[in-house]
Amino acid sequence: MDGLRGLAAISVIFSHVLLLYYSEIHYGLADSNASTLALSIFNSPFTFFYRGGSAVLLFFLLSGYVLCSACIKKAPLDDTYVYVAASKRYLRLGLPVGAAVCIGYLGIIFNVFPSAPEGVSAFLDFPDTSLGFTQMLKSALYKSMLFGDGNFNYVLWTISIELYGSFLIFGLYALLGEYRNSLITICIGLGCYLLSLPKSFSIYSLFFFGAALAHINFSSVRKLPRWHLALLSISLLVLGCYLIGFYETSSSYRWLGALTDLLHTFAQDADPSIIYPAIGSLCILIAVLTGGIGRHSPQPGAGTKLLAWLGKLSFSVYLLHPFILAIAGNYIFLEMGKNLYSLLISLVAVFSGTYFFAYFFHKHIDKPSMKIADRFGKRLFLRPNVDSGHSR
């Protein structure tokens, strides 16, 4: 799970760096300045490595899976676990988010963000240098967490979704955790129903699908012969990578148009940009859960340790990379212009700078925030010891 989070965070960085240089690789809009190579990549079936929006869906799916798995494992042994986990969620996410907002504000104060290059996506032209202390304080304390305020960091639009999605999973488990089959049925039903709605609602379907998968025992699948298991897992992985690269106007996905039209006859508001990547994310997670990929080594190798390390830093990387891109990426673009060499140097600078600072952010902000949130939740629901002889 950590490895998937780490790879998804890498995909988000690729997405934003490429958006700075070649927006046509995301949208396929051709003009006189469009890169032929970028358009070729856009129309290929190999775009999964920079589909940041799909990576965010994978984040949500993993959150649903991991949070519900923890409930399944710990709640039967501790009847306060779900309440403690839900109560500490705001601090767990909010403390690193607040720190990231403060970093954005300090960048404005010390004027470290150069003006964005002309023609760049407005999405990357941030932060607004007119933002002041009051706006920073509101964003750090509640606006980012509750309303997805991205004025100081554009990736924070996802944080409110993560928070509310977490509460949905905790609430559903608190109500129906004892009824496994009913909970699986409801999670799948809610997930499918939400997928039929517009994007602002359908994006929450991933949490419910993740919770449903957390209740499914894949041990019987893992008993298949090794090569059968590997074939199943790799097939799901390839299909998943293909689907998360979906873009409606890409020539590699136009054949799905007829299926999309059929889908819209039953669900007019369904958004294919969510549906197909959501299915792709499910395929990838199931490929990992079936156990046909990388589960037969008795000892974790260097690659496994690297994936675990990437996953450990993924939240810090997600929060910090926009600042590194807004500084190093913009400076390199302004100095060297829009060309392949500039892009490669920018990728190296953004990746190395992001992971360098993410290490310290994780060590001094993210990890302590976990401990603070954990203490808060436990103290909030700490039941005093009562002498049974004096109990009322």
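To keep things clear, this report deals only with the structure shown in the data block. Computed from a predicted structure; not experimentally measured.

### So, the overall build of the chain
In step 1: A tally of helices and strands in the chain yields 18 helices and 0 strands.
In step 2: Rg of the C-alpha trace for the chain: 22 Å, near the compact-globule value of 21 Å for 392 residues, within the 12% margin.
In step 3: A total of 392 residues make up the chain; the buried ones form 50% of that total.
In step 4: Sequence-distant contacts, at least 24 apart, represent 78% of the contacts inside the chain between residues at least 6 apart.
In step 5: Surface summary for the chain: the accessible area is close to 19,700 Å², and the carbon and sulfur share equals 64%.
In step 6: Between the centroid of the 27 positive side chains of the chain and the centroid of its 19 negative side chains there is a distance of 14 Å.

### Digging into the packing of helix H4 (residues 52–74) against helix H8 (residues 159–176)
To describe two helices that pack against each other, one gives the angle between their axes and the distance between the axes.
In step 1: Their axes nearest at 10 Å, the elements H4 and H8 cross at an angle of 35 degrees. The two elements H4 and H8 cross, and the hand of that crossing is right-handed. For the pair H4 and H8, contact is made by Phe60, Ser63, Gly64, Leu67, Cys68, Cys71 and Ile72 and by Ile161, Glu162, Ser166, Ile169, Phe170 and Tyr173, respectively.
In step 2: Its residues assigned to classes, the contact of H4 with H8 comprises 9 nonpolar, 3 polar and 1 charged.

### Here we look at the environment of Glu248
In step 1: You can see Glu248 is positioned in the loop between helix H13 (226–244) and helix H14 (257–266).
In step 2: On the basis of relative accessibility, which here comes to 49%, the residue Glu248 falls in the partly exposed class.
In step 3: Taking the C-alpha atoms as reference points, Glu248 and Pro272, 24 residues apart in sequence, are found 7.8 Å from one another.
In step 4: Residues contacting Glu248, with those up to four places away along its chain left out, are Arg254 and Pro272.

### Examining the packing of aromatic side chains
In step 1: Scanning the model with the defined rule gives 22 aromatic pairs in all.
In step 2: Considering the side-chain rings of Phe48 and Phe49, the 6.5 Å spacing of their centres and the 90 degrees angle between planes classify their relative orientation as edge-to-face.
In step 3: Exposure remark for Phe49: the relative accessible area of 33% places this residue in the partly exposed category.
In step 4: Look at Phe356 and Phe360: their rings are 5.3 Å apart centre to centre, the planes differ by 65 degrees, and that puts the pair in the edge-to-face class. Of the two residues, Phe356 and Phe360 both sit in helix H18 (residues 340–380), 4 residues apart, roughly one turn of that helix.
In step 5: Phe360 sits in the partly exposed class, given a relative accessible area of 37%.
In step 6: Put simply, the rings of Phe14, Phe48, Phe49, Tyr50, Trp309, Phe351 and Tyr355 touch in pairs and so form one group of aromatic residues.

### Some thoughts on the nonpolar core
In step 1: Counting 106 residues, the largest nonpolar core has Val17, Tyr21, Val97, Leu285 and Tyr355 as its most contacted members.
In step 2: If you tally residues by element for this core, the top one is H4, at 13 residues.
In step 3: Within the second largest apolar cluster, 6 residues are counted, among which are Phe246, Tyr253, Leu256 and Tyr276.

### Quick word on helix H6 (residues 89–109)
In step 1: Under the 1.5 Å per step criterion, the end-to-end length of H6 is 30 Å for 21 residues, consistent within 8% with the ideal 30 Å.
In step 2: In H6, a bend of some 25 degrees at Leu95 exceeds every other bend along the element, and Pro96, a proline, comes one to four places later.

### What to know about the pattern of salt bridges
In step 1: Going through the model one piece at a time under the given rule, you end up with 4 salt bridges.
In step 2: The residue Asp374 makes a salt bridge to Lys88 at a minimum N-O spacing of 2.9 Å. In this pair, Asp374 sits in helix H18 while Lys88 sits in the loop between helix H5 (81–87) and H6, placing the two residues 286 residues apart along the sequence.
In step 3: On the accessibility criterion, Lys88 (22% relative accessible area) is partly exposed.
In step 4: A salt bridge links Glu162 to Arg89; the shortest N-O distance between them is 2.7 Å. One end of the pair, Glu162, is in helix H8; the other, Arg89, is in helix H6, and 73 residues separate them in sequence. Of the two residues, Glu162 and Arg89, neither departs from the other in class, the shared state being buried.
In step 5: Here the residues in one salt-bridge network are Lys88, Asp374 and Lys378, joined through shared partners.

### Structural notes on a positive patch on the surface
In step 1: On the surface, Lys312, Lys363, Lys367, Lys371, Arg375 and Arg379 cluster together to form a positively charged patch.
In step 2: Top element by residues in the positive patch is H18. It accounts for 5 residues.
In step 3: Along the chain, Lys363 turns up in helix H18.
In step 4: By relative accessible area, which is 44% here, Lys363 ends up partly exposed.

### Side note on the side chain of Thr80
In step 1: One can find Thr80 in the loop between H4 and H5.
In step 2: A distance of 2.8 Å separates the side chain of Thr80 from the side chain of Asp78, its partner in a polar contact.

Rules and cut-offs
Just so you know, the residues in each chain are numbered from 1, in the order the chain's sequence is written. The predicted origin of the model limits local features to residues at a pLDDT of at least 70 and limits the giving and counting of side-chain atom pairs to 80 or more, whereas totals for whole chains, interfaces and linings rest on all residues. Water and hydrogen atoms play no part in the side-chain values, which are based on all heavy atoms of the structure. Helical segments are the DSSP runs of H or I of at least four residues, strand segments are the runs of E of at least two, and each set is numbered from the N terminus. Atoms considered for the radius of gyration are the C-alpha atoms alone. The globule rule reads 2.2 Å times the number of residues to the power 0.38. We call a residue buried when its accessible area falls under 20% of the maximum for its residue type, exposed when it is over 50%, and partly exposed in between, using a 1.4 Å probe and counting protein chains only. The contact criterion used is simple: two residues touch if any of their non-hydrogen atoms lie within 4.5 Å. The Shrake-Rupley method, run with a 1.4 Å probe sphere, supplies the accessible areas, and residue values consider only the shown protein chains as cover. For this count, His and the chain ends are skipped, Lys and Arg are scored as positive, and Asp and Glu as negative. Charge coordinates come from a single atom per side chain, which is NZ of Lys, CZ of Arg, CG of Asp or CD of Glu. Whenever a helix is involved, its axis is fitted only over the stretch in contact; in every case the axis is a line through C-alpha atoms, and angles between N-to-C directions fall within 0 to 180 degrees. Crossing handedness: left-handed means the near helix sits turned counterclockwise from the far one by under a right angle, and right-handed means the same turn made clockwise. Note on residue classes: Ala, Val, Leu, Ile, Met, Phe, Trp, Tyr, Cys and Pro are nonpolar, Asp, Glu, Lys and Arg are charged, and everything else, Gly too, is polar. The criterion for an aromatic pair is that two Phe, Tyr or Trp rings (for Trp, the six-membered ring) have centres within 6.5 Å, with stacked assigned to planes under 30 degrees apart, edge-to-face to planes over 60 apart and tilted to the rest. Among buried residues, those of type Ala, Val, Leu, Ile, Met, Phe, Trp, Tyr and Cys that are joined through side-chain atoms within 4.5 Å constitute a nonpolar core. To estimate how far a helix should reach, multiply one less than its number of residues by 1.5 Å. At any given residue, the bend is defined as the angle formed between two axes, one fitted to the seven residues that end at that position and one fitted to the seven that begin there. In the sections that follow, a salt bridge refers to a side-chain nitrogen of Lys or Arg positioned within 4 Å of a carboxyl oxygen of Asp or Glu. Here, patches come from residues exposed beyond 30% relative accessible area and free of salt bridges, joined within 9 Å for like charges and within 5 Å for nonpolar side chains (Val, Leu, Ile, Met, Phe, Trp, Tyr). As used in this structure description, the phrase polar contact means that two N or O atoms lie within 3.5 Å; if the pair is within protein, one of them must be able to donate a hydrogen and the other to accept it, and residues adjacent in sequence are counted only when both atoms belong to side chains.

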